[in-house]
Amino acid sequence: MRMRFWKLAGVLAATIVIMGLSSCGFFVDPTISVITVTPATPSLLVGQTQQFVAVATYSDGTQATLGSATWTTSNAAVLLIDSSGKATAVAAGSATVTATSGTGSGTTTVTVTTAPLISIEVTPANFSVSKAAQATVQYTATGHYGDNTTADLTTTVTWSSSNTSVATMASTGIATLAGTGDTTIKAVSGTVTGSTQLHVAP
């Protein structure tokens, strides 16, 4: 009788441990941490279409393309988007595309023009600065279009620094100086890239 009691106690203890592990979250599915919308900051002509893709990064570090997401546009007068993420440019201007899945969301900005984007001018050009003198540099991106017009693309391009140990870039075009040396600052919109050199002295 005593042996049966101990066997039963062991089974109950194992059950309690398993339930405790489950309640502590050991078996909880990973959740979406970040959604990235690609392509980033494209420039479209009126009448062009663009298929957007939403890539989810999960809490366990894995990534996967979302088969379904809720797609919205901030400005339907400029850009329409359907349930599959396919957008149609209808008028000149800019619009933010958002992909939402559960509690996660990601965005990108689309610029729509009546003429193609030819080049991007990044200023200040070939800039030299002393890290001891200042901590940041504000860059601007000016788009040059096929109809000889220009537009300020500073907040819509994707900024990057080729050497992040020298400077890192914010989405607003601000370079934060991290060390000394040389780096290439790039501004990208769709397939068009503008760049300039930054030298940071001690």
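The preceding data block contains the structure.
Since the structure is predicted, the reported quantities are computational estimates derived from the model, not experimental observations. (Residues numbered from 1 in each chain as written. Predicted model: local features only at pLDDT ≥ 70, side-chain atom pairs only at ≥ 80, totals over all residues. Heavy atoms only, no water.)

(A) Molecular detail of the nonpolar core. One finds Ile120, Tyr139, Trp159 and Leu198 to be the most contacted residues of the largest nonpolar core, which totals 22 residues. When contributions to this core are tallied by element, the ones reaching two or more residues are β11 (117-123), β14 (140-145), β17 (167-169), β18 (174-177), β19 (181-189) and β20 (192-201). Setting aside its immediate chain neighbours within four residues, Leu198 contacts Phe127, Val129, Tyr139, Ala167, Leu177, Gly181, Asp182, Thr183 and Ile185. Of all hydrophobic cores here, the second largest spans 20 residues; its members include Phe52, Trp71, Ala87 and Val112. (Core = buried A, V, L, I, M, F, W, Y, C linked by side-chain atoms within 4.5 Å. Buried < 20%, exposed > 50% of the residue type's maximum accessible area, 1.4 Å probe, protein only. Helix = DSSP H or I, 4+ residues; strand = E, 2+ residues; numbered from the N terminus. Contact = heavy atoms within 4.5 Å.)

(B) The arrangement of the sheet that holds strand β4 (residues 53-58) in detail. In spatial order, the strands read β1-β4-β5; together these 3 strands make up an open sheet with antiparallel pairing. Looking at the sheet topology across the chains shown, the edges are occupied by β1 (32-38) and β5 (63-65). Averaged over all adjacent pairs, the angle separating strand axes in this sheet is 25°, with direction ignored. Taken together, the 3 bridges between β4 and β5 define a ladder with antiparallel strand orientation. Residue Val55 lies in a different strand from β5, and its bridge partner there is Thr65. (Pairing = 2+ DSSP bridges. Axes fitted to C-alpha atoms, helices over the stretch in contact; angles between N-to-C directions.)

(C) Region of the structure containing the environment of Tyr58. Tracing the backbone shows Tyr58 in strand β4. The spacing of Tyr58 and Ile32 is 26 residues in sequence and 4.3 Å in space, taken between C-alpha atoms. Those residues in contact with Tyr58, other than ones at most four positions away along the chain, are Pro30, Thr31, Ile32, Ser33, Ala64 and Leu66.

(D) Broad picture of the pairing of strand β8 (residues 86-89). By the alternation rule, side chains of β8 split into Ala87 and Ala89, which are all buried, and Lys86 and Thr88, of which none is buried. Bridge count between strand β7 (residues 79-81) and β8: 3 bridges; the pairing is antiparallel. Bridge pairing in β8 links Leu79 to Ala89. Joining the antiparallel neighbours β7 and β8 is a turn of 4 residues, in which Gly85 adopts a positive phi near 95°.

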